[in-house]
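Topology and contacts: notes
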Amino acid sequence: NDPIILTIYATGAPDLTLIDLPGITRVPVKGSDQKDDVEKVTREMTLHYINDPRTIVLAVLPANQDMSVSDSLQLARQVDPQGLRSIGVITKIDIMDQGTDAATMLRGEDVPLRLGYVGVKMRSQQDIVNKKPVKDSLKDEKDWFENHRVYSKLPPGLVGTPVLIDKLTQILFKHIRRFLPEIKKEINEKRRSVQDRLDELGEGVPLDTAERVQVMWTLVTDYCEMFKNTIRGKYDRKLQRYLVNLGSQGQNSSGGNKIRTIMNDFLVDFCETKITSNMSDDDIDRAIRLHEGDSLPGFPSPDTFEFLALPHLQQLSIPSVECVHDVSSALDVLAQRMAHAVFRRFPRMAEAVLTMTQNIIQEQKDEARRIVEEQVTCYIGYLFTNDPDYLTQHGSMEPMYKSQQPPKPAPPVEEEKKEPGMMEKGFEKVKDGSKQAYQTVSSTVGSMLKKNEAQERRQARYSGPFVAEIRKRLDSYFEVTVRNIRDSVPKAIGFYLVRAVQDKLQFALLSELNKPDKLSEMLGEPPHIVEERRTLHNQLQVLQKASAVLTRDPTLAAIAFEAEEEEPPPSKPPPKAPAGYAPPAPAPAPVVSKAPVSTVSTAPRPGLGAPSPAPKSGIFGASPAPGGRNPLFDDTKRGDKLFD
């Protein structure tokens, strides 16, 4: 898919870029380098160019072939269904069978096109072998059409290469007017992006030792500042410029945000946990009696509290160490991201800097892990707290006694005493008798209940409010411990790992890399960086020339101004170009052979001069005014786009 570029110079011809596309080859030719998928390759190659809305499609079809089977018309309708940029070109009109003609084809009666058809009579192969001039060929073509029995009676504007040139000139003028503001904007944006990338790559590796040290010093300083600013969340313009080349990786959250998220999530699952939720009253009572030993009953040991709390406190040690590992991994990923962005020109230096950074992170990680493990061991091995809430609510047994006391009853209301009557005296006698019977029964039941209570006291000595108080103290102390560890462990990690790496990084890198024998090795650019810089320089030159043409050329400047300031209404057609006027369009035209589909690019090319006079040669000999070769398609992945 690499184009073959041919530039033709002539004193008078339209200034065009003509792209000759191959026909849709269906069967590979024997003895050639064509493969079995040649049809797919040629079709994709054609669509690659004609899909661009800034190209004009010349659908070339022979007159001695049925139009309904034309590949060129089918592809033109596929990419341009409204027919705004498709012109039919009918060739081989002079070798049709006797008694047939292409009049219906030229009038568009078979397959209509909005821009119509133009019939042309080209040079034969014998004329090409005999080197017949194009000027003579155009004269012969004109005489042939004027003397033909059918084509001489057709309306003007349907046959002849000059007609095709005029039609193409008018359509090209409209396209330039339509797309010029967009082209200018795209050229300026591309210039900025190319210049930014060149600034990032720099001029090249200096040879002087002092300049090499300066380059190394600048890169290491940028790396360390970006590392610190990313962790602390500061906006860094250098970082944004470097991360442009990282694509989606540059959009991820910053290193500082990641570290803060890890610390915020530390022990978050233990915050709402009640360690006694799975303990029954019997478990607590059994633990109290287990640690009484042979001492006097009724005086529980403090070891009971440690026995119940220690298994749950030991669960906090593993998440603490994991937090150190997670923060260290976040710093490692951040260092890799920064090194790939800053030292992209020098892979060896990036590898050396990244290795040293990882070593520093590992050293500080071991130190932070040791300190964190010691802190957590202190919380587990020695139970103590000065938490005011715990001391106020659970520092004494007074809250338990207060909750155990029943509420005071309200004082009874005194009633006035009255003399009892006959009925009241009778009720009193009946009441006295029933009272004696009730006392007899209650004394029997009371003796049985006292025996059961004595047995229960011998079986469970601690229960009720005391066990509930132990449960509250366990939950409260575990909550206090989790809160303290959540504060102290992230602080230790932040100081002994995160801050220590930032403080040591720049000094260690500069001390290790500032050696002449290492600089020459690490500052060697890989070949692809050198090639990229050369390509970018060429692109920038082409874009600068294109921008200069669009700015200095009075005709293009006037067209651009009109297109930007005045947009014609849809119902009103754009103004036609004056007769014989060829606007400065894309670039010198390649020589075109006969092919089903041809395209004309409408993007202006750099180095164009003033509009050429009326063409003296056909479109297939088109070229700019003399004065020097125009660098057409220096970056030619797509021949029809200047800045692809």
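Because the structure is a prediction, the values reported are computed rather than measured.

**A closer look at the packing of aromatic side chains**
Tallied over the entire structure, the rule returns eight aromatic pairs. Their ring planes at 35° and their centres at 5.8 Å tell us that W144 and Y151 sit as a pair that is tilted. Judged by relative accessible area, W144 falls into the partly exposed class, the value being 25%. Owing to a relative accessible area of 3%, Y151 belongs among the buried residues under this scheme. Between Y223 and F343 the ring centres are 5.6 Å apart and the planes differ by 55°, which places this aromatic pair in the tilted class. Of the two residues, Y223 is situated in helix α7 (residues 209-232) and F343 in the loop between α12 (317-342) and α13 (347-381); the sequence distance between them amounts to 120 residues. Under the relative-accessibility criterion, Y223 is labelled buried at 0%. A network of ring pairs unites the aromatic residues W144, F145 and Y151 as a single cluster.

**Looking at helix α11 (residues 303-313)**
Those residues of α11 that sit buried are T304, F305, L308, A309 and L313. What you see down the axis of α11 is that its buried residues fit within an arc of 150°, all on one side.

**Focus: the nonpolar core**
Membership of the largest hydrophobic core comes to 70 residues, with the highest contact counts inside it found for Y223, V327, F343, M349 and I493. Listing elements by their share of this core, those giving two or more residues are α7, α9 (255-264), α10 (281-290), α11, α12, α13, α17 (465-513) and α18 (516-522). Counting residues per element, this core draws most heavily on α17, which supplies 18 residues. Setting aside anything within four residues of it in sequence, one finds I493 in contact with M263, C323, V324, V327, V372 and V498.

**Brief notes about helix α2 (residues 71-79)**
All buried positions along α2 are accounted for by S72, L73, L75, A76 and V79. The arc that holds the buried residues of α2, viewed along the axis, is 165°, so those residues lie on one side.

**Describing the pattern of salt bridges**
A complete count under the given rule lists nine salt bridges for this structure. Between R54 and D52 there is a salt bridge, with the nearest N and O atoms lying 3.8 Å from each other.

**Regarding the packing of α12 against α17**
Viewed as axis vectors pointing N to C, α12 and α17 meet at an angle of 35°, and their least axial separation amounts to 11 Å. In terms of crossing hand, the pair formed by α12 and α17 is right-handed. Listed contacts from α17 to S320, C323, V324, V327, S328 and L331 of α12 are I485, V489, I493, L497 and V498.

**Structural notes on the confidence of the model for the protein**
For the protein, the average pLDDT comes to 75, and 68% of its residues sit at 70 or higher. Below pLDDT 50 for its whole length, residues 566-595 participates in 81 contacts with residues either more than four positions away or in separate chains. Taken as a whole, residues 601-644 scores under 50 in pLDDT and shows 161 contacts with residues more than four places along the chain or in a different chain.

**Brief notes about the pairing of strand β2 (residues 55-62)**
By the criterion of burial, β2 is predominantly enclosed, with eight of the eight residues buried. The sheet contact formed by β2 and strand β3 (residues 86-91) spans six bridges and is parallel. Following the sheet pairing, V60 is matched in β3 by V89. For the segment spanning β2, α2 and β3, crossover handedness is right-handed.

**With respect to unusual backbone geometry**
For residues that are not glycine, phi is negative in most cases, and the peptide bond is trans in most cases. Non-glycine residue K92 carries a positive phi angle of around 55°. Despite not being glycine, K131 shows a phi value in the positive range, around 60°. Among the secondary structure elements, K131 is positioned in the loop between α4 (125-129) and α5 (134-147).

Rules behind the numbers
Residues numbered from 1 in each chain as written. Predicted model: local features only at pLDDT ≥ 70, side-chain atom pairs only at ≥ 80, totals over all residues. Heavy atoms only, no water. Phe/Tyr/Trp six-rings, centres within 6.5 Å; stacked < 30°, edge-to-face > 60°. Buried < 20%, exposed > 50% of the residue type's maximum accessible area, 1.4 Å probe, protein only. Helix = DSSP H or I, 4+ residues; strand = E, 2+ residues; numbered from the N terminus. Arc of directions from axis to C-beta. Core = buried A, V, L, I, M, F, W, Y, C linked by side-chain atoms within 4.5 Å. Contact = heavy atoms within 4.5 Å. Salt bridge = Lys/Arg side-chain N within 4 Å of Asp/Glu carboxyl O. Axes fitted to C-alpha atoms, helices over the stretch in contact; angles between N-to-C directions. Left-handed = near helix turned anticlockwise from the far one by under 90°. pLDDT = per-residue confidence, 0-100. Pairing = 2+ DSSP bridges. Right-handed = clockwise from strand over helix to strand, strands pointing away.

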